[in-house]
Amino acid sequence: AATTAAAALALGTATAPARAQSTSSGGFVNQYDNCKVLSGGGDGDTLDYRLHWSVAGGVLKVGIEANAKWVALGVSVDGTMWSKGVAPGTDIALASVATGVNDYHVTKYELPTLDARSQSTTNGRVVDVDGRLFAEYERPLAAEHSDEDRAVNIGAATHLVWSANTG
């Protein structure tokens, strides 16, 4: 079953939420300055989707962990999956053990489109540790291509959408 949700977070280190901990020390290669539990911890929600991040030199370093087969994290203009059609839509990183980490975008309510020009996500790594998915990647804060990428504004509220498949 797929789960999708959204939130606005300030991703700058000065306004970071309280640090949550990773559920496993063996899943990530990188260390992260911030962690936010986006889903889990109550009401029978077993997804336990955690977003980890650090910012360094114009690069957002991302770590995601969840009890899932695949995870996705998108930067949206308004918290919707498709950014209500506002160009360039929502900029999405999709990660699974089978495919690694890939850069997509979506401009209407449909399946995301793989970015054609270049993959803005780099240093991607995805592993499964005892049924828990750990995905890591880096992406520039600035939008590389105005028709496929969305900038991340550090210190301001950034609308994020996330999804995962637990089936």
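Thresholds, definitions, all that
Residues numbered from 1 in each chain as written. Predicted model: local features only at pLDDT ≥ 70, side-chain atom pairs only at ≥ 80, totals over all residues. Heavy atoms only, no water. Helix = DSSP H or I, 4+ residues; strand = E, 2+ residues; numbered from the N terminus. Polar contact = N/O pair within 3.5 Å; in protein donor to acceptor, adjacent residues only side chain to side chain. pLDDT = per-residue confidence, 0-100. Contact = heavy atoms within 4.5 Å. Salt bridge = Lys/Arg side-chain N within 4 Å of Asp/Glu carboxyl O. Buried < 20%, exposed > 50% of the residue type's maximum accessible area, 1.4 Å probe, protein only.

## A look at the side chain of Ser 120
Right, on to step 1. Relative to the helices and strands, Ser 120 resides in the loop between strand S8 (113–114) and strand S9 (122–129).
Right, on to step 2. Among the polar contacts made by the side chain of Ser 120, one reaches the side chain of Glu 144 at a distance of 3.1 Å.
Right, on to step 3. Separated by 3.0 Å, the side chains of Ser 120 and Asp 149 make a polar contact.

## Notes on the confidence of the model for the chain
Right, on to step 1. Taken over all residues, the pLDDT of the chain has a mean of 82, while the share at 70 or more is 83%.
Right, on to step 2. A low-confidence stretch, residues 13–19 stays under pLDDT 50, and its non-local contacts, those more than four residues away or across chains, total 15 contacts.

## What about the environment of Thr 113?
Right, on to step 1. Structurally, Thr 113 can be placed in strand S8.
Right, on to step 2. Along the chain, Thr 113 and Glu 148 lie 35 residues apart, while their C-alpha atoms are 9.3 Å from each other.
Right, on to step 3. What Thr 113 contacts, discounting residues up to four positions off in sequence, is Asp 103, Tyr 104 and His 105.

## Notes on the pattern of salt bridges
Right, on to step 1. Applying the stated criterion to the full structure yields five salt bridges.
Right, on to step 2. Two residues, Asp 48 and Arg 132, come together in a salt bridge whose shortest N-O distance is 3.5 Å. With a gap of 84 residues between them, Asp 48 in the loop between strand S2 (34–39) and strand S3 (49–56) and Arg 132 in strand S10 (residues 132–140) connect regions that are remote in the sequence. Here Asp 48 matches Arg 132 in class, with each residue buried.
Right, on to step 3. Among the charged side chains, a salt-bridge network with shared partners connects Asp 48, Arg 50, Glu 65 and Arg 132.

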